[in-house]
Amino acid sequence: MEQVDDIAPIAILMDELRSEDVQLRLNAIHSIPTIALALGPDRARDELVPFLQDSIDDEDEVLLALAEELGRDFEQYIGGKEYAHLLLGPLENLSSVEETLVRDKAAESITKIAAILSTVQIEEYCIPLLKRLSGAEWFTSRTSSAALYPSVYDRVSPAIQDDLRKGFAALGSDDTPMVRRAAAKWLGPLLLKFSDPHILSDALPIYRRLEGDDQDSVRLLTVEDLIAIAGKLKQSEVKEQLLKQMRHSIGDKSWRVRYMAATHFNELAKAVGKEITREELIGQFVQLLKDNEAEVRTAASSQVPGFSDLLEKEVILARIVPCVRDLSQDASQHVRAALAMQISGLAPLLGRESTIEHLLPLFLQLLKDDFPEVRLNVISKLETVNNVIGIELLSENLLPAIVELAEDKSWRVRQAIIEYIPPLAKQLGKPFFDEQLGNLCMSWLGDTVYSIREAATLNLKNLTDVFGVEWSRSSIVPKVMGMGQHPNYLFRMTTVQAITIIMPSLNLEIVRSEIVESLLQLASDPIPNIRFNVSKSLEVLATTYGNTPEGKAFVQQRIIPVLEQQKGDQDADVRYFAARALQKAAMET
């Protein structure tokens, strides 16, 4: 019998891995740690690991799960770190399969295992594995090998490091574009481990070879390598060694490479330093802002404030602002939306006078844009502008834009503008808000979309926090409670939900005098949904105010009797929420 038990875990695993059902095989892979635990470390090493090494022929989904499981501290099931190298066998097989996701996960798991191996284990097991993968006949293995160099490079002796640099250089000039692409992707992390002399002697030639590749999918990955190399070199060396490649990447004939350069432009500018940025990169940046591809202009627009931060005010006004002016009228709505999100970042750099003169007309123009996302993006970033020039100059144009967005046919746009109302209210002040936006905020409570009604109730709570309890008492509470008498049950429901959310921001006096009567009337509403939402609301009331003597007395006299009554309701949900509310109220009081 004991022998049968011994065989069982592996036998079950084998059976399940042979099953026709993919889900069963997946479950079997996820149960490997449990099986290893049942077998014990010795048998897990001697039987389970070799079995896993052979079970490579399966669906990609199952192989991906296996690669993931082996990288999840699996060494603890086979006897600890000193045996962790045994897991490299199955993972080496997985690094050679055709599916990219599986290979990437296998490489990630090998990297995790390498991190816990000793130097001796790395030199004895990882380096031969790396050489086998790098020299393999099939390109998938060579592609996987590139990801492993950074994790082992600084853990081995100088002699082996020399071999590794040569091995990586071979990947950089491989015949297969996928291998060169992997080399371009991993060159940046690897060269950060190089000593300074090797940056010039080894990393630079590999980078130049990849940067001049005939495939744009390889060249676009070298932009991040360029940033990594520039960060490791002195300014004089950057001027001498990298200017030509920098110009190539930024002005590449493929828009995808220019897009990558534009996306990482600020990182590049910081890596090369202010001097080269001013001499070389201003012109290149302007070139990207005027690119003939909308995607490149969009990416460059997102870098405007960060890049301008490295420049003097005069340079921003002379070189960057004219481009921004053109972009604010760009034919592509995505470019205008990206600019609208970033343009406010220029205000602190230019100061009040220049912002009013140069940027204010652009803000006002973008606030009238036909595309809702552009208007939304401007409004979302108004706080920065307000801190520089005050909101008065914008308020007359701001209002029509907000009203238009509030009535937009897309509910997502309406929801987004609601979320910006409290910070805007803070800047606009109470009188202006009451006069211009108060009714608008209340109208959202009657929106046809539930998400908008929900956002509107949260908005009222946030406004109460901004303007204070007394403002809420006079401006919000009467209007919300008035909806409780509406013939349409959705309006009555909104009243209950709004009160539940706003109540913690109010005080007991307001709740007692303005709210509780109407709320208790709704406790006997004909619609069960409203009745159980009242139970929830009374629960919030009891837990919020039941911890003071005055509050306790109020809860005992007014709230508990109603909840007791609801406990006998004909609807099961109402009974459940009433019982829960009573329990919470009893704990508080």
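With an unreviewed UniProt entry as reference, the chain is termed Ser/Thr protein phosphatase 2A regulatory subunit A, source organism Rhodocollybia butyracea. Note on the chain: under the UniProt heading Sequence similarities (unreviewed entry), the record states "Belongs to the phosphatase 2A regulatory subunit A family."

Moving on, we get to unusual backbone geometry. Even without glycine at this site, Asp73 takes up a positive phi of about 50°. Residue position: Asp73 is located in the loop between α5 (60-70) and α6 (88-94). A relative accessible area of 48% means that Asp73 is categorised as partly exposed.

It is worth spelling out the packing of aromatic side chains at this point. Taken as a whole, this structure holds eleven aromatic pairs when the rule is applied. Note on Phe265 and Phe285: the rings are 5.0 Å apart at their centroids and 40° apart in plane angle, and the pair reads as tilted. Separated by 20 residues along the polypeptide, Phe265 in helix α19 (residues 265-272) and Phe285 in helix α20 (residues 274-289) bring together distant segments of the chain. No difference in accessibility class separates Phe265 from Phe285, as the two residues are buried. Taking the centre distance of 4.5 Å and the plane angle of 40° together, the rings of Phe285 and Phe307 count as tilted.

Now for the nonpolar core. For soluble globular proteins, nonpolar side chains are generally found buried alongside one another. Core analysis: the largest hydrophobic core is formed by 199 residues, its most contacted members being Leu242, Met246, Phe307 and Trp444. Non-local contacts of Met246, meaning those with residues more than four positions away in its chain, are made with Leu226, Val238, Leu268, Val272 and Leu281.

Let us look at the pattern of salt bridges. Side-chain pairing between opposite charges can occur once the charged atoms of the two side chains come close. In this structure the tally under the stated criterion is 34 salt bridges. For the salt bridge of Glu69 with Arg72, the shortest nitrogen-to-oxygen distance reads 3.2 Å. Glu69 sits in the buried class, given a relative accessible area of 6%. Measuring nitrogen to oxygen at the nearest pair gives 3.6 Å for the salt bridge that ties Lys131 to Asp163. Of this pair, Lys131 sits in helix α8 (residues 119-134) while Asp163 sits in helix α11 (residues 158-172); the two residues are 32 residues apart in sequence, bridging distant segments of the chain. Using a relative accessible area of 37% as the deciding quantity, one classes Asp163 as partly exposed. Look at the salt bridges and you will find they share partners, linking Arg180, Arg209, Asp213 and Asp214 into a network.

Analysis parameters
Residues numbered from 1 in each chain as written. Predicted model: local features only at pLDDT ≥ 70, side-chain atom pairs only at ≥ 80, totals over all residues. Heavy atoms only, no water. UniProt positions renumbered as here; feature names shortened; annotations may be inferred. Helix = DSSP H or I, 4+ residues; strand = E, 2+ residues; numbered from the N terminus. Buried < 20%, exposed > 50% of the residue type's maximum accessible area, 1.4 Å probe, protein only. Phe/Tyr/Trp six-rings, centres within 6.5 Å; stacked < 30°, edge-to-face > 60°. Core = buried A, V, L, I, M, F, W, Y, C linked by side-chain atoms within 4.5 Å. Contact = heavy atoms within 4.5 Å. Salt bridge = Lys/Arg side-chain N within 4 Å of Asp/Glu carboxyl O.

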